[in-house]
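Chain by chain, the residues run as shown.
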Amino acid sequence: MDDWVTGDGSPALVLHVEDCVPSAALSTRIDQLTRRAGAVYRRFAELDCGDAELHELWMALALDDDARVAAAPSRNGHGGSVAIDGLEASVLETARRLAAAERLGVHDHRDRRLGAALGIELARLELMRRRDDAEQRDGIHVRALADLAVKRSQNRGVRLAAALLLTRRTLRGSLPR
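Since the model is a prediction, treat every value here as computed from it, not as a measurement.

Basis of the calculations
Within every chain, residues take consecutive numbers counted from 1 along the sequence as written. A pLDDT threshold of at least 70 governs which residues receive local features in this predicted model, and a stricter bar of 80 or more applies before side-chain atom pairs are shown or counted, although totals over entire chains, interfaces and linings include all residues. Where side-chain values are given, they derive from all heavy atoms of the structure, hydrogens and water being excluded. Note on method: axes are straight lines fitted to C-alpha atoms, helices fitted across the in-contact stretch only, with angles between N-to-C directions ranging 0 to 180 degrees. Put simply, DSSP marks the helices as runs of H or I at least four residues long and the strands as runs of E at least two long, and each gets a number from the N terminus on. Each angle is binned into one of four classes, with values under 35 degrees roughly parallel, values over 145 roughly antiparallel, values of 65 to 115 roughly perpendicular, and all other values oblique. If you view the pair so one helix is near and one far, a crossing is left-handed when the near helix is turned anticlockwise from the far one by less than a right angle, and right-handed when it is turned clockwise. Contacts are residue-level and defined by heavy atoms, with any inter-residue pair within 4.5 Å sufficient. Classification used: nonpolar for Ala, Val, Leu, Ile, Met, Phe, Trp, Tyr, Cys and Pro, charged for Asp, Glu, Lys and Arg, polar for all others including Gly. Stacked, tilted and edge-to-face pairs are distinguished by plane angle, under 30 degrees for stacked and over 60 for edge-to-face with tilted covering the rest, among Phe, Tyr and Trp rings (Trp via its six-membered ring) whose centres lie within 6.5 Å. Type-normalised accessible area, obtained with a 1.4 Å probe on protein chains alone, sets the label of each residue: buried when under 20%, exposed when over 50%, and partly exposed for intermediate values.

Visitor: What exactly am I supposed to notice about the packing of helix H2 (residues 52–70) against helix H5 (residues 110–131) here?
Guide: Where H2 meets H5, the axes come as close as 13 Å, and the angle between the chain directions of the two elements is 25 degrees. The orientation of H2 relative to H5 falls into the category roughly parallel. For the element pair H2 and H5, the recorded crossing hand is left-handed. For the pair H2 and H5, contact is made by Leu54, Trp58, Asp65 and Arg68 and by Arg110, Arg113, Leu114, Ala117, Arg124 and Met128, respectively. Split into classes, the residues belonging to the contact of H2 with H5 amount to five nonpolar, no polar and five charged.

Written out as structure tokens, the structure reads:
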């Protein structure tokens, strides 16, 4: 096992395995990431409290994450293991993007928050694809994030990430595992 550092500098455990990981351990790790994402979105909502449209979007994303974690015990009840071809890298990429988002502060521009959120959702979409997650994240608020980023951002990188997220969501059923 290796250590990595979370956004606040505290160490966190990373799963490092050869071929398979127990389903419950993987679900626990993903649920931790989901909780962190909800906290990031709540913080973004606080930072954008003067912008009703953004505030509402951040809170909707946070509530989606709350619902996903609340549903976790029923997912964790299944035993067995999951093949991890590329899965560990997807977990690490999601954690890396969350750590970057956790470092954003009040002085960071709205485009940085939008870009960070799009990065988180792209990493999570890849994680779900690798996991072959039948309970894939509801697309309504993720779509709203991408639409709002295209509408409100002048940053080409943010707009490109939004287009990529929409394209990946559309193609997710046909992408190779």
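Visitor: It is not clear to me how the packing of aromatic side chains should be interpreted in this structure. Could you clarify?
Guide: To describe a pair of aromatic rings, you give the distance between the ring centres and the angle between the ring planes. If you walk through the whole model with that rule in mind, you get three aromatic pairs. Arranged with centres 6.5 Å apart and planes meeting at 65 degrees, the rings of Tyr41 and Phe44 form a pair that is edge-to-face. Pair noted here: Tyr41 and Phe44 are both in helix H1 (residues 23–47), with a separation of three residues, about one helical turn. Using a relative accessible area of 1% as the deciding quantity, one classes Phe44 as buried. Seen from their ring centres, Phe44 and Trp58 are 5.1 Å apart, and the 70 degrees between their planes marks the pair as edge-to-face. Note that Phe44 is positioned in helix H1 and Trp58 in helix H2, a separation of 14 residues in sequence. The class for Trp58 is buried, based on a relative accessible area of 0%.

In short, shape yes, function no, at least from these values alone.
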